[in-house]
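# Structural description and commentary
As a plain string of letters, each chain reads:
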Amino acid sequence: MGRQLLLEHIAEPGIETFAVYRKKGGYASVEKALKTMTPDQVTEEVKISGLRGRGGAGFPAGMKWSFLDRKSEKPRYLVCNADESEPGTFKDRYLMEKIPHLLIEGMITGSYALGAKTSYIYIRGEYMYIVGILEKAIDEAYANGFLGKNILGTDYSLDLYVHPGAGAYICGEETALLESLEGKRGNPRLKPPFPAVSGLYASPTVVNNVETIAAVVPIINNGGAEYAKIGIGKSTGTKLISASGHIKKPGVYEIELGVPVEEFIYSDQYCGGMLTNRPLKAVVAGGSSVPILPADLILKTAKGEKRLMTYESLSDGGFVSGSMLGSGGFIVMDDTTCIVRNLWSFARFYHHESCGQCSPCREGTGWMEKVLHRIEHGHGHMGDIDLLVDVAKKIEGNTICPLGDAAAWPVASAIRHFREEFEYHVKYPEKIKNPKHFAIEPFLSEKKLELVN
Ligand SMILES: Cc1cc2nc3c(=O)[nH]c(=O)nc-3n(C[C@H](O)[C@H](O)[C@H](O)COP(=O)(O)O)c2cc1C
Ligand code: SF4
């Protein structure tokens, strides 16, 4: 296991309490920042660290902070995105549940850097039990002088609130989140203006993911340059990966960016190999919104290089032969997985979660679900496969927010890499009507089937 910056003390009994967290060095970044650094110096350290947003897009956090309109006379806000609704992603839940003070500490240090006097943690409605955990931790932070008026006797004051949503995937999109936080329906806004200029209550706002904000703590404690030494190239630091699917040890792992994908899947330090030692078929590396990659392309790039767990390596080959690190939701599938059924399940999700503002997304996600349903249930036509590609192309890039792209990319990539499996469904409906075809028997492509016969 590499360096643990976020989860180092996770197994410590009582780490969710202020007393134990503090004993383990907690809140040192707040003391250091407020007593020895200016807000700009804190921002500068985050820039130097090379930290990239851990919510999915990987935008450099320090750069985002420096875009904040500091000349505006309006209040500034730091909003933590704890919506975590991306299928396959459960890392923020783990962090907030087990070590809530790490997030609170990051929120205080980050809010100081941005000059925010009021900050929010927006959390998905399904994580209601974590609201209680966070509120307890916030109460402890107030009681110990780390929140409220004149923190640690300095001029800096901050109030921090937890705001639960009602449970909608779209409220993870930052502008929909801000609408929801303002008490409105969570519809994404047209950009520009970006939140850094006009965000919460039309005021300068930074929205960051839970893990991004937590990473500010080790960055300030150890210095941005130290953080930047971990990782490879523009993928610095550590990353939480939530691993699930056909692996021996599903769970949340903190990796140093740069670990080879093969090591991550097969080593005992991480996933421990395939669940029943069946062959690896495919991986969705960064949550359901990123392109799926077949075994050969997830382990090695099209150029034959070892694929690494970095932003750059996972996207090598673009959307033809690459994918994305995304939110770090790493879903592993063995050869018993039916790609069509898997895709139909994702398509149902996106159709259900589309907010309906733009026609390509509202209508397109519905059509993709319908067509995938009929292919999976033995009523498909050969033309349906290209129809799916066509619908996906018409959504991509033509919508207000990236949910449309998120719905389109998995479809386009699954057909690119597993077309013969879609054709098999159309050609042999009687075989796929066997309810076991996707779960128990390994899926046999037509080519392999002929060999077996
Ligand atoms: C449909 C949709 C859902 C999203 N859900 C989340 C989420 O649950 N958590 C998150 O941090 N970012 C989510 N994002 C990304 C946010 O819009 C935003 O980029 C992110 O919160 C910025 O934080 P970061 O820079 O620290 O990653 C989502 C984006 C889209 C389009
Ligand atoms: S892309 Fe979809 S979810 Fe995003 S604004 Fe348009 S309709 Fe809503």
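Calculation rules
Counting of residues starts from 1 at the beginning of each chain's written sequence and follows it residue by residue. Just so you know, chain letters begin at A and ligand numbers begin at 1, following the order they were written in. Owing to the predicted nature of the model, reporting of local features is limited to residues with pLDDT of at least 70; listing and counting of side-chain atom pairs is limited to 80 or more, with chain, interface and lining totals taken over all residues. Only heavy atoms go into the side-chain values, all of them from the structure, while hydrogens and water stay out. In this analysis, a patch consists of residues with relative accessible area above 30% that form no salt bridge, clustered at 9 Å for like charges and at 5 Å for the nonpolar side chains Val, Leu, Ile, Met, Phe, Trp and Tyr. Computed with the Shrake-Rupley method and a 1.4 Å probe, the accessible areas treat only the protein chains shown as cover for residues. In what follows, salt bridge is the name for a side-chain nitrogen of Lys or Arg lying within 4 Å of a carboxyl oxygen of Asp or Glu. Segments assigned H or I by DSSP are reported as helices when at least four residues long, segments assigned E as strands when at least two residues long, and all are numbered from the N terminus. With a 1.4 Å probe rolled over the protein chains alone, any residue whose accessible area is under 20% of its type maximum counts as buried; one over 50% counts as exposed, and the rest are partly exposed. The distinction between a cavity and a pocket rests on a 1 Å grid over the protein atoms alone: a 1.4 Å probe fits inside a cavity but cannot get out, while a pocket stays open yet meets protein on both sides within 12 Å along at least five of seven lines, and a residue with an atom within 4 Å of a point counts as lining. Grid points are joined across faces, edges and corners, and a volume is the space filled by probe spheres set on the points. Side-chain classes are defined by residue name, with Ala, Val, Leu, Ile, Met, Phe, Trp, Tyr, Cys and Pro counting as nonpolar, Asp, Glu, Lys and Arg as charged, and the others, Gly among them, as polar. In these notes, residues near a molecule or strand are those with any non-hydrogen atom within 4 Å of it. Polar contact is defined as a pair of N or O atoms within 3.5 Å, subject to the rule that within protein one atom must be able to donate a hydrogen and the other to accept it, and that residues adjacent in sequence are counted only when both atoms are side-chain atoms. Whether a molecule lies in a cavity or pocket depends on its atoms, and more than half of them have to be within 2 Å of the grid points. All domain edges in this entry derive from an automatic or database-based domain assignment. Contacts are assigned to residue pairs with any non-hydrogen atoms lying within 4.5 Å of each other. As a working definition, buried area equals the accessible area (1.4 Å probe) given up by two parts on being put together, with both sides summed. If DSSP finds at least two bridges between two strands, the strands pair. Geometry is summarised by axes, namely lines fitted to C-alpha atoms with helices restricted to the contacting stretch, and by angles between N-to-C directions that run from 0 to 180 degrees. Only rings of Phe, Tyr and Trp enter the pairing, Trp through its six-membered ring, and a pair is recorded when the two centres are within 6.5 Å. The plane angle decides the type: under 30 degrees is stacked, over 60 is edge-to-face, the rest tilted. Counted as over-ring charges are cases with an Arg CZ or a Lys NZ within 6 Å of the ring centre that also lie within 35 degrees of the ring normal.

### Things to note about a nonpolar patch on the surface
On the surface, a cluster of nonpolar side chains totalling about 290 Å² of accessible area is made up of Phe59, Met63 and Phe67. Within the secondary structure, Phe59 is located in the loop between α3 (39-49) and α4 (61-67). Taking the relative accessible area as the measure of exposure, Phe59 reaches 37% and is therefore partly exposed.

### Thoughts on empty space enclosed by the protein
Tallied over the full model, the rule gives three cavities of 30 Å³ or more. Approximately 80 Å³ is the volume found for the largest cavity. Along the walls of the largest cavity sit 13 residues, with Pro188, Cys355, Cys358, Cys361 and Cys401 positioned nearest its centre. Class assignment for the residues of the lining of the largest cavity results in eight nonpolar, five polar and no charged.

### Points about the site of ligand 1
Residues in contact with ligand 1 amount to 18 residues; listed here are only the nearest, Gly55, Asn81, Glu84, Asn209 and Thr212. Glu174 places a main-chain nitrogen or oxygen 3.0 Å from an oxygen atom of ligand 1. Burial of ligand 1 by the protein chains amounts to 89% of its free accessible area of 610 Å². Of all the cavities here, the one that holds ligand 1 is the largest pocket. Ranked by residues supplied to the shell around ligand 1, first place goes to strand β4 (residues 205-209) with three residues.

### Let's talk about the pattern of salt bridges
Under the definition given, this model contains 25 salt bridges. A salt bridge links Lys191 to Glu174; the shortest N-O distance between them is 3.1 Å. Here Lys191, found in the loop between α8 (174-181) and β4, pairs with Glu174, found in helix α8; they are 17 residues apart in sequence, far enough to count as distant. Here Glu421 makes a salt bridge to Lys281, at a shortest N to O gap of 2.8 Å. Here Lys281 lies in strand β9 (residues 280-284) and Glu421 lies in helix α18 (residues 403-427), a separation of 140 residues in the sequence. Taken as a pair, Glu421 and Lys281 share a single burial class, namely buried.

### Regarding the domain arrangement of the protein
Looking at the protein, the domain boundaries give domain 1 (18-229), domain 2 (232-334) and domain 3 (339-452). If you look at the interface, domain 1 gives twelve residues, while domain 3 gives ten residues. Between domain 1 and domain 3, the buried area comes to about 900 Å², and carbon and sulfur atoms account for 69% of it. Together, Tyr169, Ile170 and Pro188 form the three largest contributors to the area buried by domain 1 at its contact with domain 3, with a combined 51%. Put simply, domain 1 and domain 3 have zero salt bridges between them. Our enumeration of links across domain 1 and domain 3 arrives at three residue pairs in polar contact (both at pLDDT 80 or more).

### A closer look at the sheet that holds strand β1 (residues 77-82)
Where strands meet in a sheet, backbone hydrogen bonds hold them as pairs that are either parallel or antiparallel. Taken together, four strands build an open sheet; the order of strands is β3-β2-β1-β4 and the sheet is parallel. In the strand order of this sheet, the two ends are held by β3 (159-164) and β4, each with one partner. Averaged over all pairs of adjacent strands, the angle between their axes in this sheet comes to 20°, without regard to strand direction. Judged from the five bridges that link them, β1 and β4 form a sheet pairing that is parallel. Within β4, the position partnered with Cys80 by the bridge is Asn208. Sheet strands touched by helix α9 (residues 210-222): β1 and β4. Its angle to β4, the strand with the most contacts, is close to 95°.

### What to know about unusual backbone geometry
A cis amide bond, omega -5°, links Lys191 with the succeeding residue Pro192. Note that the residue after Pro192, namely Pro193, is joined by a cis bond; omega there is 5°. Following the sequence through the fold, Pro193 ends up in the loop between α8 and β4. Positive phi values are uncommon outside glycine, yet Tyr27 reaches one of about 70°. Tyr27 sits in the buried class, given a relative accessible area of 0%. Non-glycine residue Tyr201 carries a positive phi angle of around 50°.

### Concerning the packing of aromatic side chains
Using the criterion set out here, one finds 18 aromatic pairs in the structure. When the ring of Phe18 is compared with that of Tyr27, the centres are 5.4 Å apart and the planes differ by 35°; the resulting orientation is tilted. Between Tyr27 and Phe146 the ring centres are 4.5 Å apart and the planes differ by 35°, which places this aromatic pair in the tilted class. Residue Tyr27 is located in the loop between α1 (18-23) and α2 (28-36), and its partner Phe146 is located in the loop between α7 (128-143) and β3; the two are separated by 119 residues in the primary sequence. With respect to burial, Tyr27 and Phe146 carry one shared label: buried. Counting every residue linked through ring pairs, the aromatic cluster contains Phe18, Tyr21, Tyr27 and Phe146. The ring of Tyr311 has Arg52 lying over it, and the distance from NZ or CZ to the ring centre is 4.1 Å. The residue whose ring lies beneath Arg348 is Trp344, and the NZ or CZ to ring-centre distance is 4.8 Å.

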